[in-house]
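# Observations on the model geometry
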Amino acid sequence: QVQLAESGGGLVQPGGSLTLSCVPSGNIFSINTIGWHRQAPGKERELVARISTHGGNTDYAESVKGRFTISRDIANNTVNLQMNSLKPEDTAVYYCNAELFPGWAAQYGVDFWGKGALVTVSS
C-alpha cells in the first residue's frame, strides 16, 4: 500500500508561483513514478508532470513546459512541483499520483492517489 500526502495549494495571482509537495509513505519501494495530475472545473483529469523515482526522468504536459518543474527532494522523501507564471487556466485540483512497478502493482494495484490540493489562479 502507498499513501500520498499533498500540500502547497492555495490562491495566487496570475503570473505568480506556487509549489506543491507530495510525500509518499507505505511501501515506497513499490513506486516507479510519481506524478501530478489536475482536474479543472468541467474538464477531464490530465497529467501535468511526472518523475521516475530512481532515475529522475521527467515528463511534462505541453501546456506547462517552461513554467512548471517537477523534482525530487530525496533527503525528505518528497516530490515537488514548482509552478511559475501561473495562468487562470491552471486553476484546478492537483492530485499526486504514484504508479507502481508491475510486480507490486499486481499485488496492490496500479495507481494510488492523494486527496488533492486546490490551486486557484485569480485576480
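Residues numbered from 1 in each chain as written. Predicted model: local features only at pLDDT ≥ 70, side-chain atom pairs only at ≥ 80, totals over all residues. Heavy atoms only, no water.

To continue, consider the overall build of the protein chain. For the protein chain, the helix and strand inventory stands at 1 helix and 11 strands. Compactness check: the protein chain gives a C-alpha radius of gyration of 14 Å against a globular reference of 14 Å for 123 residues, within 12% of the reference. In terms of its C-alpha atoms, the protein chain occupies a principal-axis envelope of roughly 45 × 30 × 25 Å. In the protein chain, which comprises 123 residues, the proportion classed as buried is 41%. Contacts in the protein chain between residues far apart in sequence, at least 24 positions, make up 55% of those at least 6 positions apart. Total accessible area computed for the protein chain in this model is approximately 6300 Å², and 51% of it derives from carbon and sulfur atoms. Across the protein chain, the 9 positively charged side chains and the 10 negatively charged ones have centroids separated by 3 Å. (Helix = DSSP H or I, 4+ residues; strand = E, 2+ residues; numbered from the N terminus. Rg over C-alpha atoms; globule rule 2.2 N^0.38 Å. Buried < 20%, exposed > 50% of the residue type's maximum accessible area, 1.4 Å probe, protein only. Contact = heavy atoms within 4.5 Å. Areas by Shrake-Rupley, 256 points an atom, 1.4 Å probe, with all protein chains shown as cover. Lys, Arg positive; Asp, Glu negative; His and termini not counted. Charge placed at Lys NZ, Arg CZ, Asp CG, Glu CD.)

Spatially, 1-3-8-7 is the arrangement adopted by the 4 strands of the open sheet, whose pairing is antiparallel. Of all the strands in the sheet, the pair left with one neighbour each is strand 1 (2-7) and strand 7 (68-73). For this sheet, the mean inter-axis angle between neighbouring strands, taken without regard to orientation, is 20°. By the bridge criterion, 6 bridges tie strand 1 to strand 3 (residues 18-26) in an arrangement that is antiparallel. Within strand 3, the residue paired with Leu 4 across the bridge is Pro 24. (Pairing = 2+ DSSP bridges. Axes fitted to C-alpha atoms, helices over the stretch in contact; angles between N-to-C directions.)

A separate point is the pairing of strand 11 (residues 117-121). Where burial is concerned, the two faces of strand 11 differ: the one with Ala 117, Val 119 and Val 121 is buried and the one with Leu 118 and Thr 120 is not. Where strand 2 (residues 10-12) and strand 11 come together, 3 bridges link them in parallel fashion. Following the sheet pairing, Val 12 is matched in strand 11 by Val 121.

With that out of the way, let us pick up the packing of aromatic side chains. For the structure shown, the criterion picks out 2 aromatic pairs. Between the aromatic rings of Tyr 95 and Trp 113, the centroid separation amounts to 6.4 Å while the plane-to-plane angle is 85°, which identifies the pairing as edge-to-face. Note that Tyr 95 is positioned in strand 9 (residues 92-100) and Trp 113 in strand 10 (residues 111-113), a separation of 18 residues in sequence. Residue Tyr 95 is classed as buried on the basis of its relative accessible area, which comes to 15%. Relative to Tyr 108, the ring of Trp 104 lies with its centre 5.5 Å away and its plane at 15°, an arrangement referred to as stacked. (Phe/Tyr/Trp six-rings, centres within 6.5 Å; stacked < 30°, edge-to-face > 60°.)

Now for the pattern of salt bridges. Applying the stated criterion across every chain, the model contains 4 salt bridges. The shortest N-O distance in the salt bridge between Lys 65 and Glu 62 comes to 2.7 Å. It is possible to trace a salt-bridge network through shared partners that takes in Arg 38, Glu 46, Arg 67 and Asp 90. (Salt bridge = Lys/Arg side-chain N within 4 Å of Asp/Glu carboxyl O.)

This part takes up the side chain of Arg 38. Mapped onto the elements, Arg 38 comes out in strand 4 (residues 31-39). There is a polar contact of 3.5 Å between the side chain of Arg 38 and the side chain of Ser 63. At a separation of 2.9 Å, a polar atom in the side chain of Arg 38 contacts the side chain of Tyr 94. (Polar contact = N/O pair within 3.5 Å; in protein donor to acceptor, adjacent residues only side chain to side chain.)

Core analysis: the biggest nonpolar cluster contains 31 residues, and Leu 20, Trp 36, Val 48, Phe 68, Leu 81, Met 83 and Tyr 94 have the highest contact counts within it. Elements supplying a minimum of two residues to this core: strand 1, strand 3, strand 4, strand 5 (46-52), strand 7, strand 8 (78-83), strand 9 and strand 11. Of the residues forming this core, the biggest block, 5 residues, is contributed by strand 9. With sequence-adjacent residues up to four places away left out, Leu 20 is seen in contact with Ser 7, Gly 8, Gly 9, Trp 36, Val 79, Asn 80, Leu 81, Met 83, Tyr 94, Ala 117 and Val 119. (Core = buried A, V, L, I, M, F, W, Y, C linked by side-chain atoms within 4.5 Å.)

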